[in-house]
Amino acid sequence: MTPADFHFDLPLELIAQQALPERTASRLLHVGPAFSDLHFRDLPRLLRPGDLLIANDSRVLPARLFGHKATGGKVELLLERVLGETEALVQLRSSHAPRPGAMLSFGPDVTAEVIGRRAEFFGLRFSQPVLLLLNQLGHVPLPPYIRRDDGPGDRQRYQTVFAREQGSVAAPTAGLHFDDSLLAVLSAQDVEFRTLTLHIGAGTFAPLRSQQLKTGRLHAERLEVSAELCAAVAACRERGGRVIAVGTTAARALETAGDSGELRPLRGETSLFIRPGYSFQIVDAMVTNFHLPESSLLMLVCAFGGTERLLAAYRHAVTSRYRFFSYGDA
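To keep things clear, this report deals only with the structure shown in the data block. No experiment lies behind these values; they were computed from the predicted model shown. (Residues numbered from 1 in each chain as written. Predicted model: local features only at pLDDT ≥ 70, side-chain atom pairs only at ≥ 80, totals over all residues. Heavy atoms only, no water.)

With that settled, the discussion passes to the environment of Gly 203. By the secondary structure assignment, Gly 203 is in the loop between β12 (192–198) and α4 (210–215). You can call Gly 203 buried: its relative accessible area is 8%. Residues Gly 203 and Asn 56, spaced 147 residues apart in sequence, show a C-alpha to C-alpha distance of 18 Å. With near-sequence residues (within four places) excluded, Gly 203 lies in contact with Glu 80, Gln 91 and His 219. (Helix = DSSP H or I, 4+ residues; strand = E, 2+ residues; numbered from the N terminus. Buried < 20%, exposed > 50% of the residue type's maximum accessible area, 1.4 Å probe, protein only. Contact = heavy atoms within 4.5 Å.)

Our focus in this paragraph is the pairing of strand β8 (residues 103–107). Bridge count between strand β5 (residues 64–69) and β8: two bridges; the pairing is antiparallel. Bridge pairing links Lys 69 to Leu 104 in β8. Sheet analysis places β8 next to strand β9 (residues 110–118), joined by four bridges and oriented antiparallel. Bridge assignment links Leu 104 to a residue of β9, and that residue is Ala 112. Hairpin connection, β8 to β9: the antiparallel pair is bridged by two residues, and Asp 109 has positive phi, about 65°. (Pairing = 2+ DSSP bridges.)

Summed over the entire model, instances satisfying the criterion amount to 18 salt bridges. Measuring nitrogen to oxygen at the nearest pair gives 3.7 Å for the salt bridge that ties Arg 93 to Glu 76. You can see Arg 93 sitting in strand β7 (residues 87–94) and its partner Glu 76 sitting in strand β6 (residues 74–82), a full 17 residues away along the chain. We classify Arg 93 as exposed; its relative accessible area is 59%. Relative accessible area serves as the criterion here: at 17%, Glu 76 is assigned to the buried category. In this structure, Arg 267 and Glu 224 form a salt bridge, with 3.9 Å as the shortest nitrogen-oxygen distance. Here Arg 267, found in strand β15 (residues 266–272), pairs with Glu 224, found in strand β13 (residues 217–225); they are 43 residues apart in sequence, far enough to count as distant. Arg 267 gets classed as exposed once you look at its relative accessible area, which sits at 70%. One network of salt bridges, in which partners are shared, links Asp 57, Arg 164 and Glu 165. (Salt bridge = Lys/Arg side-chain N within 4 Å of Asp/Glu carboxyl O.)

The bulk of non-glycine residues show a negative phi, and the bulk of peptide bonds are trans. The backbone of Ala 119 shows a phi angle near 55°, a positive value even though the residue is not glycine. Note on placement: Ala 119 falls in the loop between β9 and β10 (121–126). The class for Ala 119 is exposed, based on a relative accessible area of 63%. One non-glycine residue, Asp 190, lies in positive phi territory at about 65°. With respect to the helices, strands and loops of the structure, Asp 190 is situated in the loop between α3 (180–188) and β12.

On the basis of which strands lie adjacent, the open sheet formed by six strands has the order β15-β13-β12-β3-β14-β16 and mixed pairing. Edge positions in the open sheet fall to β15 and β16 (285–287), since each of these has one partner strand only. Across the sheet, the axes of successive neighbouring strands diverge by a mean angle of 30°, strand direction being ignored. With four bridges connecting them, strand β3 (residues 52–56) and strand β14 (residues 243–246) associate as parallel partners. Note on β14: the bridge partner recorded for Leu 52 is Val 243. Here helix α6 (residues 248–257) sits on the sheet in contact with β3, β12, β13, β14, β15 and β16, set at roughly 110° to β15. (Axes fitted to C-alpha atoms, helices over the stretch in contact; angles between N-to-C directions.)

Put into structure tokens, the structure is as follows:
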């Protein structure tokens, strides 16, 4: 199995560059016995009373900063994770990688010292609390395939309506299609909606490395699955409902906490790499966006729905002019 086994051809004009004004106006490809072209507002038609939807409530940080080195060279920072009040692990883009001890500047009286390196990430110690600094000066970390600068509208639109726990550098994009009205419709239909937390790191956009393919482990991401959610899943099973993951991050968190076959509370990290051959323990159905070719996320959905079937669905989506990736369709 290689990443090339999960390739598909995608015209660049199908990569969504802006969010639609209305969240539920996105299209929805239902992959059942046949392919059905719907809109996201049609989701309740695919659900039954007693089903349980589980989404990721992680909140996206304005995790991108622009600054310069002491030499004057430009530097771009993308947060990976906060390590302490004034320390963080980050990706840095600059003409030359800074060495430990180098000072970076991100604005008047805002500096950071390079204190070390972990593989492709740099450890920085800031002159101010990291979260305060990001919320004041940071930019929305739009994915690299969105070929524009972030704008004021992205702070709201690149965030789910149920985002709560601050910590991600990318949105759990399947959740972007839900609005309060749709959640109310689901509740009236006796479809339960719950959340867990998985903080998405910058590694989600990195190409797969040979070492990850060998070890079967991905970059680690922090997660929390509560006892209350575990009880809700058990109750769903008891009443004959389906557990439906909203997004690959929710699926990955559920499968990590349910690797024994029973969902258990968990607060920690996951490096679980789900690819074809994996046996799902918790998730019965999934709502997800379209994923990058040759990516671990595409491997995950192929593991769930079958590689041949999912790649056929992607070819149908291309032919039918669906919008792809973070601001795209589902």
